[in-house]
Number of protein chains: 2
Amino acid sequence: MNISQVALRSGLPPKTIRYYEDIGLIAPDRGANGYRQFADEDVHKLTFLNRARALGFTIEDCRKLLALWEDQTRASSDVRALAREHLARIEMKIADLNDMRRTLADLVDACAGDDRPDCPILKRLDAPLDIRD
Amino acid sequence: MNISQVALRSGLPPKTIRYYEDIGLIAPDRGANGYRQFADEDVHKLTFLNRARALGFTIEDCRKLLALWEDQTRASSDVRALAREHLARIEMKIADLNDMRRTLADLVDACAGDDRPDCPILKRLDAPLDIRD
DNA sequence: ATAAGGGTTCCCCTTACTGGAAGGTCAAGG
DNA sequence: CCTTGACCTTCCAGTAAGGGGAACCCTTAT
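Residues numbered from 1 in each chain as written. Chains lettered and ligands numbered in written order. Predicted model: local features only at pLDDT ≥ 70, side-chain atom pairs only at ≥ 80, totals over all residues. Heavy atoms only, no water.

- Chain A is annotated in an unreviewed UniProt entry as Cu(I)-responsive transcriptional regulator of Sulfitobacter aestuariivivens.
- Taken verbatim from the UniProt record of chain A, the Subcellular location (unreviewed entry) comment is "Cytoplasm". (UniProt positions renumbered as here; feature names shortened; annotations may be inferred.)

1. Here's the deal with the nonpolar core
- With 77 residues, the main nonpolar core has Ile-17, Leu-46 and Leu-65 of chain A together with Ile-17, Leu-46 and Leu-65 of chain B as its most contacted residues.
- The leading source of residues in this core is helix 5 (residues 76–110) of chain B, at 12 residues. (Core = buried A, V, L, I, M, F, W, Y, C linked by side-chain atoms within 4.5 Å. Buried < 20%, exposed > 50% of the residue type's maximum accessible area, 1.4 Å probe, protein only. Helix = DSSP H or I, 4+ residues; strand = E, 2+ residues; numbered from the N terminus.)

2. Thoughts on the interface of chain A and chain B
- Of the residues lining the interface, 53 residues belong to chain A; the matching set on chain B comes to 53 residues.
- In total, about 4600 Å² of surface goes out of reach between chain A and chain B, with carbon and sulfur atoms giving 73% of it.
- At the junction of chain A with chain B, the criterion picks out 20 residue pairs in polar contact (both at pLDDT 80 or more).
- At the level of secondary structure, the elements contributing two or more residues to the side of chain A that touches chain B comprise helix 3 (40–54), helix 4 (59–70), helix 5 (76–110) and helix 6 (120–125) of chain A.
- Looking at the side of chain A that touches chain B, the element that brings in the most residues is helix 5 of chain A, giving 21 residues.
- Per-class residue counts for the side of chain A that touches chain B are 30 nonpolar, 10 polar and 13 charged. (Contact = heavy atoms within 4.5 Å. Buried area = accessible area lost by both parts, 1.4 Å probe. Polar contact = N/O pair within 3.5 Å; in protein donor to acceptor, adjacent residues only side chain to side chain. Nonpolar A, V, L, I, M, F, W, Y, C, P; charged D, E, K, R; others polar.)

3. Overview of the packing of aromatic side chains
All names here are of chain A.
- Counting across every chain of the model gives four aromatic pairs over all chains.
- Ring centres 4.5 Å apart and planes at 25 degrees place the aromatic pair Phe-48 and Trp-69 in the stacked group. Of this pair, Phe-48 sits in helix 3 while Trp-69 is found in helix 4, placing the two residues 21 residues apart along the sequence.
- What makes Phe-48 buried here is its relative accessible area of 0%.
- For Trp-69, a relative accessible area of 12% gives the class buried. (Phe/Tyr/Trp six-rings, centres within 6.5 Å; stacked < 30°, edge-to-face > 60°.)

4. Description of the protein's contact with DNA strand C
- Surrounding DNA strand C, one finds 19 residues, the nearest of these being Lys-15, Tyr-20 and Arg-53 of chain A together with Ser-4 and Arg-36 of chain B.
- In DNA strand C, the atoms that sit within 4 Å of the protein are 66% sugar and phosphate, with bases accounting for the remainder.
- Here Asn-33 of chain A contributes a side-chain N or O atom positioned 3.2 Å from a phosphate oxygen of DNA strand C.
- Tyr-35 of chain B places a side-chain nitrogen or oxygen 2.9 Å from a base nitrogen of DNA strand C.
- Those elements giving two or more residues to the surface near DNA strand C turn out to be helix 2 (14–22) of chain A together with helix 1 (3–10) and helix 2 (14–22) of chain B. (Near = heavy atom within 4 Å.)

And the structure:
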């Protein structure tokens, strides 16, 4: 199977597949012409990677997940620990973004959005440093 | 004022301040010794930038916001439009992250997390491609 | 004189790819 | 046999927003 076929089946662009080989996530065979020759197992792995990435796991997480996936003697607690850490990171990101969202929404609401220069958004960014200063 | 003083006052690391000069957000004077000589206005701008960044605006957004900030004849609608677009991007990110969070939380809940290899998390990443296949 | 603690530039590193150039390969048609 | 077009290959550069560190200059105090 050539790379574009694998791209179709795994859902990953050819560029990404080459990149994943580069960083050692997969190791497809090569034909006499130098073309990558992918086995079904490669497609399987790439599909796995695509899904793990879609859940927001980093490449390094994916590397670990892949190793656990291939290790039939793994402990599910190891997988769970990875997922929990990742979940915690995501929850922190969401919290940060929610803070931004609230502030921004308030500011957008407070701004008249007309042709006058007065703007609470810019006021908020302008330096009220601190009263005590 | 030298750069470390400005770092303290603006809350930005010296590296970031140099970077912001590099990309043309600020243009401090130079002393005879080659040192950057910051005016209060520079500190003011940097503080503005720090806050805009803290609200998640990209550098390019910051560049536009800074221009509007300095333009006394601006229309607040221009500022508001920028903020609304940014708000929309943030809300999309939050939505994506919430999807991930839900899925991950379900998976973490479903995983026993013991020393057995059976794991719903890996199952979810494994390829159930499609039944019809 | 020298040591500490500023400052400066420069280049590489990060994440996870994406785009593009230059060139080899393959299958079909004239 | 030649060409054309669609593949494939490698390598180089760039993204966002800086961080780390080297090598070197400036200032001030001892």
